[in-house]
Amino acid sequence: MTDRNIAVETIGLGKSYGRVLALTSVDLKIESGQYFVLLGPSGGGKTTLLRLVGGFIRPSSGRILLHGIDMSEVPPNHRRTSMVFQSYALFPHMTVERNVGYGLRLRKLAKTEVSARVDRMLTLVGLEGLNARMPHELSGGQQQRVQLARALVLESDILLLDEPLASLDANLRKDMCFELKRIQEEVGITFIHVTHNQEEAMTIADRIALISDGALVEEGTPREIYERPKTRFTADFIGENNIFEGIVASIVDGRAIVDLGFVRVAVPCGEVAAAHGEAVLFSVRSELLELGDHAEAAEARDVSVDPVQAIPATYLKEVYLGLTTSHMVRLPDQRDVVVRGVSTSGQAHFAADQAISVRWRTDDAHLLKG
Ligand SMILES: Nc1ncnc2c1ncn2[C@@H]1O[C@H](COP(=O)(O)OP(=O)(O)OP(=O)(O)O)[C@@H](O)[C@H]1O
Ligand SMILES: [Mg+2]
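Residues numbered from 1 in each chain as written. Chains lettered and ligands numbered in written order. Predicted model: local features only at pLDDT ≥ 70, side-chain atom pairs only at ≥ 80, totals over all residues. Heavy atoms only, no water.

1. Quick look at the domain arrangement of the protein
Where interface size is given, it is often the accessible area lost as the parts come together that is meant. This is how it is decided: Where each domain begins and ends follows an automated or database-derived domain assignment. What makes two residues a contact is simply this: any of their non-hydrogen atoms within 4.5 Å. Note on definitions: buried area is the accessible-area loss of two parts on being combined, 1.4 Å probe, summed for both. By salt bridge we mean one thing: a side-chain nitrogen of Lys or Arg within 4 Å of a carboxyl oxygen of Asp or Glu. Between N or O atoms, a polar contact is any pair within 3.5 Å; within protein, one atom must be a potential hydrogen donor and the other a potential acceptor, and residues adjacent in sequence are included only when both atoms are from side chains. Charged means Asp, Glu, Lys or Arg here, nonpolar means Ala, Val, Leu, Ile, Met, Phe, Trp, Tyr, Cys or Pro, and polar covers whatever is left, Gly included.
Taken domain by domain, the protein holds domain 1 (6-232) and domain 2 (240-368). For domain 1 and domain 2, the distance between their C-alpha centres works out to 40 Å. Contacts between domain 1 and domain 2 engage 7 residues on the former and 12 residues on the latter. For the pairing of domain 1 and domain 2, the buried interface totals around 790 Å² over both sides, and the portion due to carbon and sulfur atoms is 48%. Looking at the side of domain 1 facing domain 2, the largest losses of area belong to Tyr226, Arg228 and Arg232, adding up to 64% of the total buried there. Put simply, domain 1 and domain 2 have 1 salt bridge between them. Glutamate 245 serves as the salt-bridge partner of arginine 232, at 3.9 Å between the closest nitrogen and oxygen. Our count for the contact surface shared by domain 1 and domain 2 stands at 4 residue pairs in polar contact (both at pLDDT 80 or more). Along the lines of polarity and charge, the residues of the side of domain 1 that touches domain 2 split into 2 nonpolar, 1 polar and 4 charged.

Here's what the structure looks like:
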């Protein structure tokens, strides 16, 4: 059975370099026409996965299907993929025109055809009329666009981009992110973009796969990954999450009553099967926590039905970050928690060492897998 709407499917894909196990049994499906991002820390296996899809290296185990056809043993020039390498600079002695048209000339296309397609690509990437420039006469961002045009002009079905924005400064990177997204929407092909920058991934991706330690950790839309990370790794890696550890005291109506040692709180179980007596982790985003009056945490209440959970804490300090302010607080078990709020002008509400409470909407917490 094949599914042509799936641009890339990997089945149990693995790769070892000698004794280094770079990738272990990755099962991944990437839909056609999506902007797909592979995100994760350095050394996790992102480039390895991208190179396997492009055919630059061969799998040690498993298979790769492109548009439903097994391509595991097919060389790069016979796959409908193009790759933009981070380290591959432009040919320095060739004009922009010749750089972009290089692949087409290799294919022995007529001069007029090459020239027309190069012009179209330069317009697409916003470099119209710069045909005669040499690479050293371009800014870093413009060089990046030339590289992109050089890959896009080949009209592949799948474009592979390995850290395409890594050499750009933060401002330019943001602009290029939007540009890349616009270009992808215009050409409508599948983009697979590798980065270790979570903001870049969130800005650009239709879907994100987190890759760490040679494994696919989880996969989803930016919103799913950000708001409902399934694993501790993702909760740590994406945004600012507070992770709590406790023991399940009971399960009441789909909520785990979690004993933190100093207080009990209720956490929706969601998809995680929690059992009585089990050690569990749950996370709450720092911007979904609020600071409150100490009395609130001390109140006797039935947490299992409460729409808001509150726990006692001690205020430490605030860190002003411009738009937002981070409030550092300490729990009775000496763990620190970050509460992020919109900055307000004027006097701070809390003093160091003040007894307070930290609260959140019950539904804003969720259990993590392992
Ligand atoms: N040619 C090679 N020979 C031996 N080991 C390699 C080779 N290429 C990569 N590795 C190892 O495989 C693992 C995965 O590397 P990979 O380049 O895929 O990671 P990455 O996620 O792209 O990292 P980065 O973000 O730093 O580029 C690393 O441990 C790396 O050292
Ligand atoms: Mg890499």
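That shown, we press on.
2. Description of the pattern of salt bridges
The following threshold applies: Under the scheme used here, helices are H or I runs from DSSP no shorter than 4 residues and strands are E runs no shorter than 2 residues, and both carry numbers assigned from the N terminus. Think of it in three bands: residues with accessible area under 20% of the maximum for their type are buried, residues over 50% are exposed, and the middle band is partly exposed, with areas taken using a 1.4 Å probe on protein chains only.
Within this structure, the stated rule accounts for 22 salt bridges. Put simply, glutamate 179 and arginine 145 hold a salt bridge, and the shortest N to O gap is 2.9 Å. With glutamate 179 in helix 5 (residues 170-187) and arginine 145 in helix 4 (residues 140-152), this pair connects stretches of sequence that are 34 residues apart. For the residue pair glutamate 179 and arginine 145, the accessibility class agrees, reading buried in each case. Notably, a salt bridge pairs arginine 335 with glutamate 245, separated by 3.6 Å at the nearest N-O pair. Residue arginine 335 is found in the loop between strand 17 (324-330) and strand 18 (336-342), and its partner glutamate 245 is found in strand 11 (residues 241-252); the two are separated by 90 residues along the sequence. Using a relative accessible area of 35% as the deciding quantity, one classes glutamate 245 as partly exposed. Here the salt bridges share partners, and the residues they tie into one network are Arg232, Asp236, Glu245, Asp333 and Arg335.

3. Examining the sheet that holds strand 12 (residues 255-259)
Threshold: Between any two strands, at least two bridges found by DSSP are needed for them to pair. Only C-alpha atoms enter the line fits that serve as axes; for helices the fit covers just the stretch in contact. Angles between N-to-C directions range over 0 to 180 degrees.
With antiparallel pairing, the 5 strands of this open sheet are ordered in space as 13-12-11-14-20. A single partner strand is all that each edge strand has here, and the edge strands are strand 13 (264-268) and strand 20 (366-368). Averaged over all pairs of adjacent strands, the angle between strand axes in this sheet comes to 50°, irrespective of strand direction. Pairing geometry for strand 14 (residues 279-285) and strand 20, over 3 bridges, is antiparallel. Across the sheet, phenylalanine 282 pairs through a bridge with leucine 367, a residue of strand 20.

4. Examining the sheet that holds strand 15 (residues 290-293)
Taking strand neighbours across the sheet as the criterion, the 5 strands line up as 15-19-16-17-18 in an open arrangement whose pairing is antiparallel. The sheet terminates laterally at strand 15 and strand 18, the two strands that pair on one side only. Strand-to-strand twist of the sheet, defined as the mean angle between neighbouring strand axes without regard to direction, takes the value 50°.

5. Brief notes about the packing of aromatic side chains
Cut-off, in case you're wondering: In this analysis, rings of Phe, Tyr and Trp, with Trp reduced to its six-membered ring, are considered paired at centre separations within 6.5 Å, and the interplanar angle assigns stacked below 30 degrees, edge-to-face beyond 60, and tilted for intermediate values. Sitting over a ring, as applied to charges here, requires NZ of Lys or CZ of Arg to be within 6 Å of the ring centre and within 35 degrees of the ring normal.
Under the defined criterion, the tally for this structure stands at 8 aromatic pairs. Centroid distance phenylalanine 91 to tyrosine 102: 4.7 Å. Interplanar angle 50°. Geometry classified as tilted. Of this pair, phenylalanine 91 sits in the loop between strand 6 (81-84) and helix 2 (96-106) while tyrosine 102 is found in helix 2, placing the two residues 11 residues apart along the sequence. Of the residues examined, tyrosine 102 reaches a relative accessible area of 31% and is grouped as partly exposed. Chaining the aromatic ring pairs together yields one cluster made of Phe244, Phe282 and Trp360. Over the ring of phenylalanine 91 we find arginine 150; its NZ or CZ atom is 5.2 Å from the centre of that ring. Lying across the ring of tyrosine 226, arginine 285 places its NZ or CZ 3.5 Å from the centre.

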